Amino acid sequence: MTDQLRYDGRVAIVTGAGGGLGRQYALLLASRGAQVVVNDLGGSVTGGGASPRAADLVVEEITAAGGEAVANYDSVEDGDKIVQHALDAYGRIDIIVNNAGILRDRTFHKMSQDDWDAVYRVHLFGAFKVTHAAWPHMRQNGYGRIVMTSSSSGIYGNFGQANYGAMKLGLMGLANTLALEGAKYDIQVNTIAPIAKSRMTEGLGYLGPEVMDALDPVRVAPLVAYLCHESCQENGKKYEVGGGWMAEVRWERTQGVMLPLSHAITPEDVASKWDEITDFTDSTRPKTSADAFMSLQKNLGT
Ligand code: NAI
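Residue numbers here run from 1 along each chain, matching the order of that chain's written sequence. In keeping with the predicted nature of the model, local features appear solely for residues at pLDDT of at least 70, side-chain atom pairs appear and are counted solely at 80 or more, and the whole-chain, interface and lining totals rest on all residues. Side-chain numbers here rest on the full set of heavy atoms in the structure, without hydrogens or water.

Q: Before we go on, may I ask you to explain the overall build of the chain in this structure?
A: Along its length, the chain carries eleven helices and eight strands. The C-alpha atoms of the chain give 21 Å as radius of gyration, which agrees with the globular expectation for 302 residues (19 Å, within 12%). Considering only C-alpha atoms, the chain reaches an extent of 70 × 45 × 40 Å along its principal axes. Note on contacts: a residue pair is in contact if any heavy atoms of the two residues lie within 4.5 Å. Contacts in the chain between residues far apart in sequence, at least 24 positions, make up 69% of those at least 6 positions apart. With an accessible surface of roughly 15500 Å², the chain has 53% of that area assigned to carbon and sulfur atoms. Think of it this way: any DSSP run of H or I at least four residues long counts as a helix, any run of E at least two long counts as a strand, and we number them from the N terminus. Radius of gyration: over C-alpha atoms. The globule rule applied is 2.2 Å multiplied by the number of residues raised to the 0.38 power. For every accessible area listed, the method is Shrake-Rupley and the probe measures 1.4 Å; residues are considered covered only by the protein chains on display.

This is the structure in structure tokens:
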């Protein structure tokens, strides 16, 4: 049996922690000793309105159970204020779970720029703002654990979620590079694509009550907490998690085809090689840009 993973002395910011998944992350981290900034704007699922109630209730729950937490009601778009609040309350920042989110689902032909911008501002820009404000403190402390929240909609696509999917995959891209830039300061940045019953997934009711009950957000929190622990040495990784199931995701690539450089490459050359270009037999799984570039270098004989 592994010793209990504890977070004593660690300060965590969990954005969008007034309900759904974020609430479970905040409860779990606080129950194991972390001091938690429970951030939530308290608006609707589409991003309208604001209320302190959601964050307050979670803080009450944490303190009633003997944990330590403060409520923060700023939008993640003002991530610097959330970080300042954490510093004022607890003097440091060790953990960030970028979790806040909204939906503006519409098919692309009906999507307005406002639908695009609103989803961008909460998911991608919000995570940028919080993380960017905390980054210098984490670098200075030589420690950080950051989790970005992606989605299967980003990884695989989902009808009616062009805006959301784009931002969710963008978060993975952000994490990929932050993982590299943070590594020497022991700042680790990983990404999850969760699936859970929440107000955001009410539309999945057709899956039936049994499946929906299995998708309790409480079953996602342990993976997030593990990624936020000092003993976890994963960095730049991606996980799908929900309903008690958890798995790592990685990129896969075909061996590819090197066309002769002795003459101009034509679309017909591409067509004639299509089966080979797309043949996943003996596929490879590049982990870094250097890995990815190596196949070309090998083929060029350099
Ligand atoms: P939720 O709607 O219960 O939680 C999101 C929270 O973010 C809400 O409490 C909301 O008030 C807060 N929030 C929204 N805009 C904010 C802002 N500007 N600043 C601060 N807080 C803000 O939904 P859920 O399901 O718990 O979602 C959590 C995260 O997980 C989101 O990023 C969502 O996109 C992602 N996700 C959820 C999935 C699921 O199956 N529930 C699937 C894939 C991703």
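Now, onward.
Q: Help me out: how do you make sense of the nonpolar core in this one?
A: Across soluble globular proteins, nonpolar side chains show a tendency to be buried alongside one another. Remark: nonpolar core denotes a set of buried residues (Ala, Val, Leu, Ile, Met, Phe, Trp, Tyr, Cys) joined through side-chain atoms within 4.5 Å. Exposure categories follow from relative accessible area, calculated using a 1.4 Å probe and restricted to protein chains: below 20% of the type maximum is buried, above 50% is exposed, and the middle band is partly exposed. Core analysis: the largest hydrophobic core is formed by 35 residues, its most contacted members being Tyr25, Leu29, Val36, Val38 and Ile192. Element by element, the count of residues in this core is highest for helix 1 (residues 20–31), at seven residues. The contact partners of Tyr25, leaving out residues within four places of it in the chain, are Val14, Val97, Asn99, Ile192, Val220, Ala221 and Val224. With 34 residues, the next largest nonpolar core counts Ile82, Ile102, Ile146 and Tyr185 among its residues.

Q: I'm lost on the environment of Arg250 in this one. Help?
A: On the secondary structure map, Arg250 appears in the loop between strand 8 (245–249) and helix 9 (267–272). Put simply, Arg250 and Lys287 are 37 residues apart on the chain and 8.1 Å apart in space, counted from C-alpha to C-alpha.

Q: Explanation requested: the packing of aromatic side chains in the structure shown.
A: Working definition: an aromatic ring pair is given by the centre-to-centre distance plus the angle between the planes. A pair of Phe, Tyr and Trp rings is counted when the ring centres sit within 6.5 Å of each other, with Trp represented by its six-membered ring. The angle between the planes then sorts it: under 30 degrees is stacked, over 60 is edge-to-face, the rest tilted. The tally for this structure, following the rule as stated, stands at two aromatic pairs. Where Tyr120 meets Phe125, the ring centres are 6.0 Å apart and the plane angle is 35°; that geometry is what we call tilted. Of the residues examined, Tyr120 reaches a relative accessible area of 31% and is grouped as partly exposed. An aromatic cluster of three or more residues is present, and its members are Tyr120, Phe125 and Phe128. Put simply, a charge is over a ring when the Lys NZ or the Arg CZ is close to the ring centre, within 6 Å, and near the line of the ring normal, within 35 degrees. Positioned above the aromatic ring of Tyr143 is the side chain of Arg10, whose terminal nitrogen or guanidinium carbon lies 3.7 Å from the ring centre.

Q: So what exactly am I meant to see when it comes to empty space enclosed by the protein here?
A: Rolled over the atoms, a probe sized like a water molecule indicates the empty space that remains. Residues are said to line a cavity or pocket when one of their atoms sits within 4 Å of a point; the points come from a 1 Å grid over protein atoms alone, cavities being sets where a 1.4 Å probe fits but cannot get out and pockets being open sets with protein on both sides within 12 Å along at least five of seven lines. Grid points are joined across faces, edges and corners, and a volume is the space filled by probe spheres set on the points. Evaluated as defined, the whole model comprises one cavity of 30 Å³ or more. Of the pockets and cavities examined, the largest cavity occupies roughly 60 Å³. The wall of the largest cavity is formed by Thr15, Val76, Asn98, Asn99, Ala100, Val122, His123, Gly126, Ala127, Thr149, Lys168 and Leu171. If you list the elements that add at least two residues to the lining of the largest cavity, you get helix 4 (113–141) and helix 6 (162–182). By the convention adopted, Pro, Cys, Tyr, Trp, Phe, Met, Ile, Leu, Val and Ala count as nonpolar, Lys, Arg, Asp and Glu as charged, and the other residues, Gly among them, as polar. For the lining of the largest cavity, the per-class residue count stands at five nonpolar, six polar and one charged.

Q: Whenever I open this one, the site of the ligand confuses me. Can you help?
A: In this text, near means that some heavy atom of the residue lies within 4 Å of the molecule or strand in question. If you check the shell around the ligand, you find 30 residues, and the closest are Leu21, Asp40, Asn99, Tyr164 and Ser198. The definition of a polar contact used here is a pair of N or O atoms within 3.5 Å, where within protein one atom must be able to donate a hydrogen and the other to accept one, and adjacent residues in sequence count solely through side-chain atom pairs. The contact in question runs from a nitrogen atom of the ligand to an N or O atom on the backbone of Val76, over 3.0 Å. Residue Arg199 places a side-chain N or O atom 2.8 Å away from an oxygen atom belonging to the ligand. Burial of the ligand by the protein amounts to 96% of the accessible area it has alone, namely 820 Å². Among the elements of the structure, helix 1, helix 4 and helix 6 are those that each provide at least two residues to the shell around the ligand. For the shell around the ligand, the per-class residue count stands at eleven nonpolar, 15 polar and four charged.

Q: It is not clear to me how the layout of surface pockets should be interpreted in this structure. Could you clarify?
A: Space inside the second largest pocket adds up to approximately 630 Å³. Lining the second largest pocket we find 20 residues, and of these Gly236, Lys238, Pro286, Lys287 and Thr288 sit closest to its centre. Residue assignment for the lining of the second largest pocket shows that the elements contributing at least two residues are helix 6, strand 8 and helix 11 (289–300). Broken down by element, the lining of the second largest pocket gets its largest block of residues, four residues, from helix 6. Looking at side-chain class alone, the lining of the second largest pocket contains six nonpolar, six polar and eight charged residues.

Q: What is the right way to read helix 1 from this model?
A: Quick reminder: α-helices carry 3.6 residues per turn. Residues three or four places apart thus point the same way. How far a helix is expected to stretch is found by multiplying one less than its residue total by 1.5 Å. With twelve residues, helix 1 should cover 16 Å at 1.5 Å per step; its first-to-last C-alpha distance of 17 Å lies within 8% of that length. Of all twelve residues making up helix 1, nine are buried, and the element is well covered by its neighbours. When we look at burial in helix 1, the residues that qualify are Leu21, Gly22, Gln24, Tyr25, Ala26, Leu27, Leu28, Leu29 and Ala30. Its buried side turned inward, helix 1 meets strand 1 (11–14), strand 2 (35–39), helix 2 (53–64), strand 4 (95–98), strand 6 (187–194) and helix 8 (221–227). Taken from the residues just after helix 1, Gly33 is the one with a positive phi, measuring 105°.

None of the figures reported here should be taken as evidence of function without further support.
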